[in-house]
Amino acid sequence: MKKIIRLLLVSSAFYSSQSIAQSKGLVNTSNSSHAKLSSVNMTDVEWTKGFWAERFAVCRDSMVPNMWNVYNDANLSHAFKNFEIAAGLDTGSHKGPSFHDGDFYKTLEAVASMYATTKDKRLDEQMDKVIAVIAKAQRADGYIYTKAAIDQQKTGEKKQFEDRLSFEAYNIGHLMTAACVHYRATGKTTLLDVAKKATDYLYNFYQRASPEIARNAICPSHYMGIIEMYRTTKDPRYVELAKKLIDIRGVSTGSDDNSDRYKFKDMKEVQGHAVRATYLFAGSADLYAETGDKTLLNTLNTMWDDVVNHKMYITGGCGALHDGVSNDGTSFNPNDVEKLHQSFGRKYQLPNLTAHNETCANIGNVLWNWRMLQLTGDAKYADVMELALYNSVLSGISLSGKKFFYTNPLAYSEDLPYKQRWTKESYASLDKQQWPDYGVKMGWSRDRLDYIGLSNCCPPNAVRTIAQVSNYAYSVSDKGLWFNLYGANNLSTTLKDGSAIKLTQETNYPWDGNIKIRLEQAANDASFFLRVPEWADGATILVNGKPYSTKAVAGRYAEVKKKWATGDVVELILPMETKLMEANPLVEETRNQVAVKRGPVVYCLESVDIPKGENVFEVALPANATFATKMLTIDNSKVLMLEGKGNLIDGNWKNKLYKEVSTNVAKPVNVRLVPYYAWANRGKTEMSVWLPLSR
């Protein structure tokens, strides 16, 4: 009874105070004692024009409505229908993958994020209707998982977490996150009440579960969710639960694929499934923000160094392999070899044509680096976050906002001599009578798809991420305001000392490096911390038209401090040069090749942009290549193209494995490069990010 009274008092105090004092940031580190930065509120940033305003408009008008329709269409995804059946409002069987609930929660989170910015009453009404059904689908003890609930209607049994490959905890994790976002956006506790019951259920379950059963929770979105629930409710049991979940990793026999062969503090290298790994690291960073446990941060630093310096693509993509063999699981005994899937490879193992780079893993890279930035204020994390956002996240969704990639390779050819999964060639090789729509279900296409039936986890993840980008633009600290991402916007927020600040940011970033910040309401003597990207050597800062004394150092935040007045103007000028990039020679597949990068945007060559009949893999660039810029409109979206000269390599292979080097004079060819994120938006095409370097 005392325990019940204590919980009621905590809950009462929470609901009476949070409506006034609750921070409404996407990730709420405002009271996290070990986080240097915290977010501005979800309502504080408004995109006005330019790149992110355009992407946000597509998200508002196309992505979110389309995704909502997909997940409420019983004939397509069946996701919401599963909730109706589990709630006893309809009859039938569960359809879809075991992580379908989580996909619906991500969609709901995207709608809540959009509502936070637009205050569109229709979105609020849509959410109210589905949340009422979700609440009815929850068991009295707090357990919620439609697949199990529908099965249990028939069997009467109450079993959970028996299948290691089931996604119960993953689904609940996305429920937690969606509930916190919904509460911060609407002020309503309807979904939060469901999430609290589910989190309490997990707390009680893990108090009695054996280590073997406790490990039956793959893809740990719930680590992030549990800590966000703590930040929202202030229930200390949730931090205790998160610590327990980290501590039980590696206690019993684990796997490299699930990143739990070792205890978290003993991990030395990133291995296994890339989504599971990046979600693990993001959740562990959340836990560190609340506890300050140095063993967590030490491992996070080791993992970050391994990913960024050995295993991450130039696009910010993560997860090189469709399938592979564990680094540590390899044995002379074939029975001991552990198979990996959708995973990181060995150091410098970064294939291009067969790169997996699941969109969810690339989003996981954003989530992880955002939390590391909040912990430390180190610009290197913002650099990686920006790199992934502009390239390997946006590539997962078409410019129209309605078609999606599951994988994001760095090259694509119609002439591969072998079949690989997740491509339309593999579908073509299947028995059509036995598998009539399997290729469509698996997303086997280099044409983006409306719906990927067997694994549509990436589309709602991409949509919620784009709806939330404005939340990554700024942070606040005890010293002032931090500028993380650039884009034309209006900001109206409150600093840590309680002072209000309003400003406008004018820029055509990432196409242009000139950023102008105008103060509409001054913030006393607070500092501005302007991120100078690692590629921006030679950046300059002006205050009211005069050079500022502090040097803008690439890869750091530059502090600008003065007695501010309304009307003050700060300008950051970033040299937006087109650069040829090369990889470490240990990356075998890209030796003597170059990639083209301009600011944060990585470019690629598509076959539609070279003379008909030529091959993208036979176009080389000279080391002194120069490019002109040209704005092009593709599917109603403005895209900056690069135009320059290349050379055609003698590609007359005639089905040979080797041939003598040609001494013929290379034939010049005009090339036009498109941002990697925008490839495959103009019909059938081949593509390559890495191009040979002219001899």
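The shown structure was predicted, so the numbers you read here are calculated from the model rather than taken from an experiment.

A.B. asks: I tried to follow the environment of Val 616 on my own but got confused; where do I start?
C.D. replies: You can see Val 616 is positioned in the loop between β19 (601-606) and β20 (619-620). A relative accessible area of 0% means that Val 616 is categorised as buried. Sequence separation of Val 616 and Cys 604 is 12 residues, and the distance between their C-alpha atoms is 9.7 Å. Among residues more than four places away in sequence, those in contact with Val 616 are Leu 605, Glu 606, Ser 607, Ile 610, Glu 686, Met 687 and Leu 691.

A.B. asks: Please explain the packing of aromatic side chains as it appears in this structure.
C.D. replies: Aromatic ring pairs are defined here through the distance separating the ring centres and the angle between the ring planes. Counted according to the given criterion, the structure contains 27 aromatic pairs. Here the aromatic rings of Phe 51 and Tyr 390 are separated by 5.1 Å at their centres, their planes lie at 50 degrees, and the arrangement is tilted. With Phe 51 in helix α2 (residues 51-72) and Tyr 390 in helix α15 (residues 379-393), this residue pair connects regions lying 339 residues apart in the sequence. In this structure Tyr 390 comes out as buried when scored by relative accessible area, which is 1%.

A.B. asks: How should I be thinking about the side chain of Arg 231 in this particular structure?
C.D. replies: Considering the arrangement of structural elements, one finds Arg 231 in helix α10 (residues 221-233). Within the local environment of Arg 231, its side chain forms a polar contact with the side chain of Glu 228, the two groups lying 3.0 Å apart. In terms of polar contacts, Arg 231 uses its side chain to reach the side chain of Asp 286, at 3.0 Å.

A.B. asks: I tried to follow the nonpolar core on my own but got confused; where do I start?
C.D. replies: Within soluble globular proteins, side chains that are nonpolar generally end up buried alongside one another. Formed by 225 residues in total, the largest nonpolar core has its most connected members in Phe 281, Leu 481, Leu 503, Phe 528, Leu 530 and Val 689. Looking at this core, the element that brings in the most residues is α2, giving 12 residues. What Leu 530 contacts, discounting residues up to four positions off in sequence, is Phe 483, Tyr 486, Ile 517, Ile 541, Arg 556, Tyr 557, Ala 558, Val 560, Val 570 and Leu 572.

A.B. asks: Would you explain the packing of helix α13 (residues 294-311) against α15 in this entry?
C.D. replies: A pair of packed helices can be characterised by two numbers: the angle between their axes and the separation between those axes. With their axes 13 Å apart at the nearest point, α13 and α15 run at an angle of 45 degrees to one another. It follows from the interaxial angle that α13 and α15 lie oblique. The way α13 lies across α15 gives a crossing that is left-handed. Of the residues in α15, those in contact with Asn 301, Trp 304 and Val 308 of α13 are Lys 380, Tyr 381 and Val 384. The class makeup of the residues in the contact of α13 with α15 is four nonpolar, one polar and one charged.

A.B. asks: Looking at this structure, I do not really get helix α6 (residues 146-155). What am I missing?
C.D. replies: Every α-helix carries 3.6 residues per turn, so stepping three or four residues along brings you back to the same face. Of the residues making up α6, those classed as buried are Thr 146, Ala 148, Ala 149, Ile 150 and Gln 152. Turning to α6, the residues buried within the fold contact α3 (79-86) and α4 (100-118). Once α6 finishes, Gly 156 follows within two positions and takes phi at roughly 80 degrees, a positive value.

A.B. asks: For this particular structure, what's the right way to read the side chain of Thr 493?
C.D. replies: Tracing the backbone through its elements, the reader meets Thr 493 in strand β9 (residues 489-494). Under the relative-accessibility criterion, Thr 493 is labelled buried at 6%. Within the structure, Thr 493 has its side chain in polar contact with the side chain of Asp 44 (distance 2.7 Å). Ignoring anything within four residues of it in the chain, the contact list for Thr 493 reads Val 40, Asp 44, Ser 499, Ala 500 and Ile 501.

A.B. asks: Help me understand the layout of surface pockets, please; the structure alone is not making it clear to me.
C.D. replies: Over the atoms, a rolling probe the size of a water molecule traces out where space has been left empty. Approximately 1400 Å³ is the volume attributed to the largest pocket. What lines the largest pocket is a set of 43 residues, among which Phe 617, Glu 618, Ile 649, Trp 653 and Pro 692 lie closest to the centre. Its residues placed into classes, the lining of the largest pocket shows 21 nonpolar, 12 polar and 10 charged.

A.B. asks: How should the sheet that holds strand β10 (residues 500-507) be read in this particular structure?
C.D. replies: Either a parallel or an antiparallel arrangement is found when strands of a sheet pair, and the pairing is made through backbone hydrogen bonds. One open sheet accounts for seven strands, arranged β2-β9-β10-β11-β16-β13-β14; its pairing is antiparallel. Among the strands making up the open sheet, the edge pair consists of β2 (45-47) and β14 (546-547). Sheet topology note: the β10/strand β11 (residues 514-521) ladder contains six bridges and is antiparallel. Note on β11: the bridge partner recorded for Gln 505 is Ile 517.

A.B. asks: Is there a simple way to explain the pattern of salt bridges in this structure?
C.D. replies: Pairing of side chains with opposite charge becomes possible as their charged atoms draw close. According to the stated counting rule, one finds 28 salt bridges in the structure shown. Residue Asp 120 is joined to Arg 122 by a salt bridge in which the shortest nitrogen-to-oxygen separation is 2.9 Å. Classification of Asp 120 by relative accessible area gives partly exposed; the value is 21%. Residue class for Arg 122 comes out exposed when judged on its relative accessible area of 58%. Each of Arg 184, Glu 228, Arg 231, Asp 286, Glu 290 and Arg 371 takes part in salt bridges that share partners, so that together they form one network.

A.B. asks: Is there a simple way to think about the sheet that holds strand β3 (residues 272-273) in this case?
C.D. replies: With antiparallel pairing, the three strands of this open sheet are ordered in space as β3-β5-β4. Every interior strand has two partners, whereas the edge strands, β3 and β4 (321-325), have only one. Against the sheet, helix α12 (residues 274-291) engages β3 and β5 (339-344), with an angle of about 60 degrees to β5.

A.B. asks: How do you make sense of the packing of helix α14 (residues 359-376) against helix α18 (residues 458-467) when you look at a structure like this?
C.D. replies: Where α14 meets α18, the closest approach of the two axes is 9 Å, and the angle between their N-to-C directions is 35 degrees. Both α14 and α18 take part in a crossing whose hand is left-handed. Between α14 and α18, the contacting residues are Thr 359, Cys 360, Ile 363 and Leu 367 on the first element and Cys 458, Asn 461, Ala 462, Arg 464 and Thr 465 on the second. Among the residues forming the contact of α14 with α18, the class breakdown is five nonpolar, three polar and one charged.

A.B. asks: Looking at this structure, I do not really get α12. What am I missing?
C.D. replies: For α12, with 18 residues, the first-to-last C-alpha span of 26 Å sits near the 26 Å given by 1.5 Å per residue. The element α12 is largely enclosed, with a buried count of 17 among its 18 residues. Of the residues flanking the end of α12, it is Gly 292, one or two places downstream, whose phi is positive at about 70 degrees.

A.B. asks: Honestly, empty space enclosed by the protein in this entry has me stumped. Any pointers?
C.D. replies: Counted according to the given criterion, the structure contains five cavities of 30 Å³ or more. Within this model, the largest cavity holds a volume of roughly 170 Å³. Around the largest cavity, the lining comprises 14 residues; the ones closest to its centre are Glu 109, Thr 177, Leu 367, Arg 371 and Arg 464. If you tally residues by element for the lining of the largest cavity, the top one is α10, at three residues. Here the residues of the lining of the largest cavity are counted per class, giving five nonpolar, five polar and four charged.

The rules behind each value
- Residues numbered from 1 in each chain as written.
- Predicted model: local features only at pLDDT ≥ 70, side-chain atom pairs only at ≥ 80, totals over all residues.
- Heavy atoms only, no water.
- Helix = DSSP H or I, 4+ residues; strand = E, 2+ residues; numbered from the N terminus.
- Buried < 20%, exposed > 50% of the residue type's maximum accessible area, 1.4 Å probe, protein only.
- Contact = heavy atoms within 4.5 Å.
- Phe/Tyr/Trp six-rings, centres within 6.5 Å; stacked < 30°, edge-to-face > 60°.
- Polar contact = N/O pair within 3.5 Å; in protein donor to acceptor, adjacent residues only side chain to side chain.
- Core = buried A, V, L, I, M, F, W, Y, C linked by side-chain atoms within 4.5 Å.
- Axes fitted to C-alpha atoms, helices over the stretch in contact; angles between N-to-C directions.
- Parallel < 35°, antiparallel > 145°, perpendicular 65-115°, else oblique.
- Left-handed = near helix turned anticlockwise from the far one by under 90°.
- Nonpolar A, V, L, I, M, F, W, Y, C, P; charged D, E, K, R; others polar.
- 1 Å grid on protein atoms, 1.4 Å probe; cavity = no way out; pocket = protein on both sides within 12 Å on 5 of 7 lines; lining within 4 Å.
- Points joined across faces, edges and corners; volume = space filled by probe spheres on them.
- Pairing = 2+ DSSP bridges.
- Salt bridge = Lys/Arg side-chain N within 4 Å of Asp/Glu carboxyl O.
- Expected span 1.5 Å × (residues − 1).

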